[in-house]
Amino acid sequence: MFLLCLPIFIISAASLIFEIGFTRIFSIKEWYHFAFMMASVAMLGFGVAGSILSIFPGIFKKNLFRNLAILSSLFSVASIAAYLIINYVPFDSYVMAWDRSQILYLFVHYLALTLPFFFTGLIVSAAIASYPEEVGKIYFSSLTGSGVGCLIVVLALPLLRGSGLFILTAILALGAALLFKFKIKTLLISLPAIILMAIYLWNPVVFDIRPSPYKDLSQILRYPQTRKLAEVWDATSKIDLIESSAIKRAPGLSLAYKKLPPEQLGITIDGGNLSPIPKHPMEKEFAESFLQILPFKLKGNPSVLIVEPRGGLDVLLARTQKLKSLAVVESNPLVAEVVKDRYPDYTKVVSVSGVRNYLSRKKESYDIVHLSLSDSFKPITAGTYSLSENYLYTEESFEALFKALSEDGILNVQRWLQLPPAELPRVGSIAFKALQKSGIAKPSAHIVVIRSWSVGSVLIKKTPWTSPDIALIKEFCSKRSFDLVYYDGVKREEVNLFSVLPEPYYYNIFSKIMKGEDLKDSAYDISSVSDNKPFYFHFFKWKNLPSILKNWGRTWQPFGGGGYIVLVLLLIIATLISVIFILGPLYFLRRKQLNLPHKWRFLIYFFAIGLGYLFIEILLMQKFILFLGYPIYALSIVLFSILLFSGLGSLSMGGYRGEEKRILSKVIPILIIFLLIYLLFLDKFFYALLGHGLLIRIMFSILVLLPLGFVMGIPFPLGIRVVNKLSPELIPWAWGVNGFASVISSILAVMIAISFGFSYVLILAGVVYLVGLLVMLSIRGS
Amino acid sequence: MIATGISWGMGEKSNLAPAHQEMVEIQIKRRGITDKKVLQAMSKVPRHEFVLPHYTWAAYADRPLPIGEGQTISQPYIVALMTGLLDLKSGQKVLEIGTGSGYQAAILGELVKDVYTVEIIEKLGKAARARLERLGYKDIKVKIADGYYGWEEYAPFDAIIVTAAPDHIPRPLINQLKEGGRLIIPVGPPGSYQTLWRIKKKGEKIFMQNVSGVRFVPFLRKL
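Residues numbered from 1 in each chain as written. Chains lettered and ligands numbered in written order. Predicted model: local features only at pLDDT ≥ 70, side-chain atom pairs only at ≥ 80, totals over all residues. Heavy atoms only, no water.

1. Re the overall build of chain A
No. 1: Within chain A, the regular secondary structure consists of 27 helices and 13 strands.
No. 2: Here chain A has a C-alpha radius of gyration of 28 Å; the compact-globule value for 782 residues is 28 Å, and the two agree.
No. 3: For the C-alpha atoms alone, the extent of chain A along its principal axes is close to 85 × 60 × 50 Å.
No. 4: Across the 782 residues in chain A, those meeting the buried criterion constitute 65%.
No. 5: A separation of at least 24 residues holds for 76% of the contacts in chain A among residues at least 6 apart in sequence.
No. 6: By element, 65% of the accessible surface of chain A is carried by carbon and sulfur atoms, the whole surface being about 28,300 Å². (Helix = DSSP H or I, 4+ residues; strand = E, 2+ residues; numbered from the N terminus. Rg over C-alpha atoms; globule rule 2.2 N^0.38 Å. Buried < 20%, exposed > 50% of the residue type's maximum accessible area, 1.4 Å probe, protein only. Contact = heavy atoms within 4.5 Å. Areas by Shrake-Rupley, 256 points an atom, 1.4 Å probe, with all protein chains shown as cover.)

Here it is in structure tokens:
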């Protein structure tokens, strides 16, 4: 049994390395849309394999170990081939709305990504089908292998970078194949993978990631006299340091500045969001021309906290002023590492940490807290980031920042301007709500908004703005040709004077926000967002749909400018593919079983627990980003814990034969109680422990996930045992329906979270588990 | 239907004339651009010569197209809109920043004699120069350089058009504008402009006006 379980452990680890590795590759190569696709692709591969094995349970039984060795060898080839296909098949998301060849390329990508999961699914299912009495051990090996795979990614990425990770998956799969059956034939099937590994060793450049030509890094590297000074990786990001005379970034610079901006280097994170690194200390005249210098004019000799300055433009701007103290918080350790070599005393001021984590640890107060504009301009309709969680721009985050201000301190938040207004008014909405929550009776008296032609600032003061403050702000704006947008009592004729919009759109919208008026009429969703729905970049309203469809493919954006619609399309496509490849074969080859007793109750049960399991898993991966700081840490730790403890839960039920329904009637209510506890206390738990170091937070995360993961592993195997007793022929359908539910729920969970918030996903997970239990209990017999 | 909506079919070059006409009538005229000179220029310049060979069939469609090197040729309407906003008179001198395929320069070449265009990507600049010469736009001067600095040698210009959006207005471009000159600059990535800004220079004063669609703001304020 050890010789069966060990290679299953290894191949399952390889699968998870493949899955998580590709979420990183897609973030570097393309955008978040694709990374998001991986969870459903994995579920689809497993689901199809389960469906096929359920229909033909004996297909690999004869010469099992030889067959498993062949399947592992095929995984080895498929994983490395998938990496090359994704890199070399020229799928271009920008033209897919109208160039039909892109659909073929997309299909090839989808297929290439699905195959390794399909082979893993076949291996695990075939092993279970051949040794049903050892299902607990096999299932446990698979789940723990997957869990360990999550951790390997985090450890291996800095060393192996993108391409090396897929060579590792191929080597692991080859190792598993040889453990299953040490034969020359096995090696022969793996020959393409072995040849590709040899090519990798001979010339690794062939395996370099080929990023989209539209990403910042690809663009800047085409400029003359441009060179890459460094490329560094860790588990969370890839940083490139670029030298080019063409890098000239100065968001917020006044048109009144009449000289050339000083020389800069640039850094990109995952090939995007080019951020400048000033080469030399900054001249005061240049610094004085920026929008973000206003707080320094209002507060003399301040203590300052700068949040996420990336390349450090805002740090150098601050340095031109007389300061009592300066603290910098940079969440990305690699950015801090690259930037620190550029500034001799950088390490004295910088803390490598998320700002919320930093504020939980340090109990200091600041006269100025500045949130840097460290990402590139994004057209709203692109929806590039609309699916990604952001815990910096939420009510709870602003409350913490507000609390960190000194008695009359200023929080300055700078964002890009779009038309119709989107990012800046959303900051206004968040600030308004956060001030209300902080007990401020009249938030509008604490908020001032100014703008240039492309960038705006929301300034939030701990005490109400005074007349001298407003007079100084007016003078500041007038000298630098910046426009006033809002202060308490602003008149329409005071705004929109320099960079003239057809209407004073920003004044209009901020006047509404500051009165607490309804924002239903706004073009985009600019309402406040909280930790329960931390999607700052999601501005989509369903009323935007006609105009998005009308302009589909007419704008130069990923997926033709579809944004949120992509998510809906993904759901539809994933559902169709699952129906065709998971339920289709069952319908055509196992239709007779649908006449068996209890059929619908069983199918509802497995559908419900499939839906519930993935709802919880996806939700926790999103929620733990706040606590662990990075999506990849959240993904790895949540998957590791849930899979490992589910495996243990499943293993622990081996002895309770004949008591399945009784156990389920206890376990599922316990699971629902756990969900209720999470609903009420998880955020509070996060806030209380956010100030601890990463290792301690990881340990706490694992502990918190232990009980839930354990009970989540029980309903499926116990359900299978009940079916096995009453209608064993229905087992293929149970597998298939559960796989189908897993595919669609991985996407549905994100859609519900974006539209209604995390708490709804959690409540819904509880409801579907309850439905599953009630249906199971209504089945008579056993 | 040939040029608008979703064009799935491959088209022969000889069949593109109706699509070209449709582009001007439906995509440009119906959206409110009535300047005859601009419309004539848009009718005359063969856009299909400026796109990648495998996208010839889509040359007159209502969308931007890739031209290689991660760059695009703008949607026909945007080209017409930006050209109209320059308010060019014959005999005036115009500078374009971001040559790309050379299409915008060719349109400008139909309106004025002195067209100067700067492209930072060498491969694109060389290809555009050869293409413009082949199509008879021999007077258009193409320079391969960083457009941030404009083209000092031929300054001042009556109008400057910028096709790639910077996060601040490059000062050299303002300096190279003539008295009363106009500068058109977009916000947002090429091919997906959010909005356009029109900058006018009068003495030491600069006027910035946002242009949403074809609507003009009736008042200007002093900068």
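2. With respect to the interface of chain B and chain A
No. 1: Contacts between chain B and chain A engage 53 residues on the former and 50 residues on the latter.
No. 2: When chain B packs against chain A, the two sides together hide about 4,400 Å² of surface, and 62% of this comes from carbon and sulfur.
No. 3: In this structure, the connection of chain B to chain A is made through two salt bridges.
No. 4: Residue R222 of chain A pairs with E69 of chain B through a salt bridge whose shortest N-O separation is 3.1 Å.
No. 5: Counting across the interface, chain B meets chain A through 10 residue pairs in polar contact (both at pLDDT 80 or more).
No. 6: Those elements that provide at least two residues to the side of chain B that touches chain A are β1 (65-68), β2 (71-73), α6 (171-175), β7 (177-187), β8 (195-202) and β9 (205-211) of chain B.
No. 7: At four residues, β9 of chain B tops the list of elements feeding residues into the side of chain B that touches chain A.
No. 8: A per-class count over the side of chain B that touches chain A returns 27 nonpolar, 16 polar and 10 charged.
No. 9: One ladder, built from two bridges, connects strand β13 (residues 499-500) of chain A with β9 of chain B; its direction is parallel. (Buried area = accessible area lost by both parts, 1.4 Å probe. Salt bridge = Lys/Arg side-chain N within 4 Å of Asp/Glu carboxyl O. Polar contact = N/O pair within 3.5 Å; in protein donor to acceptor, adjacent residues only side chain to side chain. Nonpolar A, V, L, I, M, F, W, Y, C, P; charged D, E, K, R; others polar. Pairing = 2+ DSSP bridges.)

3. Describing the nonpolar core
Most often, soluble globular proteins have nonpolar side chains that are buried together.
No. 1: The biggest cluster of nonpolar side chains holds 170 residues, and the ones touching the most others in it are F22, L113, F606, I616, L620 and F624 of chain A.
No. 2: Apart from the residues lying within four places of it in its own chain, the contact partners of L113 of chain A are F18, F22, F26, M37, M38, V41 and I86 of chain A.
No. 3: Judged by nonpolar contacts, the second largest core, of 128 residues, contains A318, I509 and I526 of chain A together with L183 of chain B. (Core = buried A, V, L, I, M, F, W, Y, C linked by side-chain atoms within 4.5 Å.)

4. Here's the deal with the pairing of strand β9 (residues 405-416) of chain A
All names here are of chain A.
No. 1: Of all 12 residues in β9, 10 are buried; the element is thus mostly enclosed.
No. 2: For strand β8 (residues 366-371) and β9, the ladder comprises five bridges, and the chain directions are parallel. Its bridge partner lying in β9, V369 is registered against L411.
No. 3: As paired elements, β9 and strand β11 (residues 455-461) share seven bridges and run antiparallel to each other. Directly across from W416, in β11, lies its bridge partner V455.

5. Describing a positive patch on the surface
No. 1: There is a patch of like positive charges on the surface, built from K62, R66, K181, K183 and K185 of chain A.
No. 2: Examined against the element boundaries, K185 of chain A turns out to sit in helix α6 (residues 184-189). (Patch = residues over 30% accessible without salt bridge, like charges linked within 9 Å, V, L, I, M, F, W, Y side chains within 5 Å. Lys, Arg positive; Asp, Glu negative; His and termini not counted. Charge placed at Lys NZ, Arg CZ, Asp CG, Glu CD.)

6. What about the packing of helix α1 (residues 2-29) of chain A against helix α4 (residues 101-130) of chain A?
Relative placement of two packed helices is described by the angle separating their axes and the distance separating the axes.
Residues and elements named next belong to chain A.
No. 1: Where α1 meets α4, the axes come as close as 10 Å, and the angle between the chain directions of the two elements is 160°. One finds that α1 runs roughly antiparallel with respect to α4. In this structure, α1 meets α4 at a crossing whose hand is left-handed. Contact with α1, carried on its side by L4, I8, I11, S12, S15, F18, E19, F22 and F26, involves L113, P116, F117, T120, I123, V124 and A127 of α4 and no other residues of that element.
No. 2: Residue classes in the contact of α1 with α4 are distributed as 12 nonpolar, three polar and one charged. (Axes fitted to C-alpha atoms, helices over the stretch in contact; angles between N-to-C directions. Parallel < 35°, antiparallel > 145°, perpendicular 65-115°, else oblique. Left-handed = near helix turned anticlockwise from the far one by under 90°.)

7. Concerning the sheet that holds strand β3 (residues 93-97) of chain B
No. 1: Taken in spatial order, the eight strands of this open sheet run β13(A)-β9(B)-β8(B)-β7(B)-β6(B)-β3(B)-β4(B)-β5(B), and their pairing is mixed. Of all the strands in the sheet, just β13 of chain A together with β5 (141-144) of chain B have a single pairing partner and so form its edges.
No. 2: One ladder, built from four bridges, connects β3 of chain B with strand β6 (residues 157-162) of chain B; its direction is parallel. Bridging across to β6 of chain B, E96 of chain B finds its partner in I161 of chain B.
No. 3: Most of the contacts of helix α3 (residues 76-86) of chain B go to β6 of chain B, to which it runs at about 155°, and overall it touches β3, β6, β7, β8 and β9 of chain B.

8. Quick look at the packing of aromatic side chains
All names here are of chain A.
No. 1: Enumeration over the complete set of coordinates arrives at 44 aromatic pairs over all chains.
No. 2: Measuring from centroid to centroid gives 5.0 Å for F286 and F290, while their planes differ by 90°, and the two rings are edge-to-face. Per residue, the accessibility class of F286 equals that of F290, and both read buried.
No. 3: When the ring of F716 is compared with that of W735, the centres are 5.3 Å apart and the planes differ by 75°; the resulting orientation is edge-to-face. One end of the pair, F716, is in helix α25 (residues 715-726); the other, W735, is in helix α26 (residues 731-756), and 19 residues separate them in sequence.
No. 4: Residue classification places W735 among the partly exposed positions, given a relative accessible area of 27%.
No. 5: Ring-pair connections join several aromatic residues into one group, and the members of that group are F18, F22, F26, F46, Y83, F117 and F166. (Phe/Tyr/Trp six-rings, centres within 6.5 Å; stacked < 30°, edge-to-face > 60°.)

9. Here's the deal with unusual backbone geometry
No. 1: With an omega of -10°, the peptide bond between L419 of chain A and P420 of chain A qualifies as cis.
No. 2: Residue placement: P420 of chain A occurs in the loop between β9 and α16 (423-437).
No. 3: Put simply, A155 of chain B and P156 of chain B share a cis peptide bond, and its omega is 5°.
No. 4: Here P156 of chain B lies in the loop between β5 and β6.
No. 5: With a phi close to 55°, N63 of chain A is a non-glycine residue in the positive phi region.
No. 6: A relative accessible area of 44% means that N63 of chain A is categorised as partly exposed.
No. 7: In the Ramachandran plot, R310 of chain A falls in the positive-phi region, its phi being about 50° despite a non-glycine side chain.
No. 8: Residue class for R310 of chain A comes out buried when judged on its relative accessible area of 16%.

10. So, the environment of L68 of chain A
No. 1: Its location among the elements puts L68 of chain A in helix α3 (residues 64-88).
No. 2: Here the alpha-carbon distance between L68 of chain A and K181 of chain A, two residues 113 residues apart in the chain, equals 8.1 Å.

11. Re the pairing of β8 of chain B
All names here are of chain B.
No. 1: Of all eight residues making up β8, six are buried, and the element is well covered by its neighbours.
No. 2: Here β7 pairs with β8 via six bridges, running antiparallel. Across the sheet, residue L183 finds its bridge partner in β8, namely I199.
No. 3: With seven bridges connecting them, β8 and β9 associate as antiparallel partners. If you follow K201 over to β9, its bridge partner there is I206.

12. A short note on the pattern of salt bridges
Two side chains with opposite charge may pair up if their charged atoms get near one another.
Residues and elements named next belong to chain A.
No. 1: Tallying each qualifying case throughout the model produces 44 salt bridges over all chains.
No. 2: The salt bridge partner of E30 is K29, with a shortest N-O separation of 3.8 Å. In this pair, the class of E30 matches that of K29, namely buried.
No. 3: Between R451 and D483 there is a salt bridge whose closest N-O contact spans 3.7 Å. Placement of the pair is R451 in strand β10 (residues 447-451) and D483 in strand β12 (residues 483-486), with a sequence separation of 32 residues. Across the pair, exposure class does not vary: R451 and D483 are buried alike.
No. 4: It is possible to trace a salt-bridge network through shared partners that takes in R161, K228, E231, K238 and D240.

Shape descriptors only; they carry no functional weight alone.
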